[in-house]
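Secondary and tertiary structure notes
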Amino acid sequence: VTWSHDGELIISGSGASKIYVWKSTSGELLRTLQCGAEDSQIVDDVVVSPNGELLISGSEDGKVRVWKLSSGELVRTLEGHDKW
């Protein structure tokens, strides 16, 4: 779980291959990001970039994904990480 730098968003990873982006003031779910095809992959970590524009996630499938925080668009998937 992490906060956006402006405190407006709470971002959480799940055990069902998903990332949830919540509005911190209301608890409204703004978007759900899907990390891979399987619903059994755990999203282990989420972090917001220093400029607040990107969300980076690491998941049990060994992939690091880079997302646009404002839209939820998947920008890049980094593969090849096999050990945490």
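This write-up is about the structure you can find in this document. (Residues numbered from 1 in each chain as written. Predicted model: local features only at pLDDT ≥ 70, side-chain atom pairs only at ≥ 80, totals over all residues. Heavy atoms only, no water.)

1. Considerations on the sheet that holds strand E1 (residues 2–3)
The strand order across the open sheet built from 4 strands is E1-E2-E3-E4, with neighbouring strands paired in antiparallel fashion. At either margin of the open sheet sits one strand with a lone partner, and together these are E1 and strand E4 (29–34). Examined bridge by bridge, strand E3 (residues 18–23) and E4 share 5 bridges and lie antiparallel to one another. Of the residues in E4, the one forming a bridge with tyrosine 20 is threonine 32. (Pairing = 2+ DSSP bridges. Helix = DSSP H or I, 4+ residues; strand = E, 2+ residues; numbered from the N terminus.)

2. Points about the packing of aromatic side chains
For the structure on display, the rule yields 1 aromatic pair. Ring centres 6.1 Å apart and planes at 40° place the aromatic pair tyrosine 20 and tryptophan 22 in the tilted group. Overall, the relative accessible area of 21% leaves tyrosine 20 in the partly exposed class. (Phe/Tyr/Trp six-rings, centres within 6.5 Å; stacked < 30°, edge-to-face > 60°. Buried < 20%, exposed > 50% of the residue type's maximum accessible area, 1.4 Å probe, protein only.)

3. Details of the pairing of strand E8 (residues 74–78)
Note that strand E7 (residues 64–68) and E8 share 4 bridges and pair antiparallel. Across the sheet, the residue bridging to valine 66 is arginine 76, located in E8.

4. Structural notes on the sheet that holds strand E6 (residues 54–59)
The antiparallel open sheet is built from 4 strands, whose spatial order is E5-E6-E7-E8. Every other strand in the sheet has two partners, leaving strand E5 (43–48) and E8 as the edge strands with one partner each. Strand after strand, the sheet turns through a mean of 20° between neighbouring axes, direction not considered. Bridge analysis of E5 against E6 gives 5 bridges, and the strand direction is antiparallel. In the strand pairing of E6, aspartate 45 is matched with glycine 58. (Axes fitted to C-alpha atoms, helices over the stretch in contact; angles between N-to-C directions.)

5. Quick look at the nonpolar core
Of all hydrophobic cores here, the largest spans 12 residues; its members are Leu9, Ile11, Ile19, Val21, Leu33, Cys35, Val43, Val46, Val48, Leu55, Trp67 and Leu69. Elements with a contribution of two residues or more to this core: strand E2 (9–13), E3 and E5. Counting residues per element, this core draws most heavily on E5, at 3 residues. (Core = buried A, V, L, I, M, F, W, Y, C linked by side-chain atoms within 4.5 Å.)

Read these as layout, nothing more, since geometry by itself doesn't imply function.
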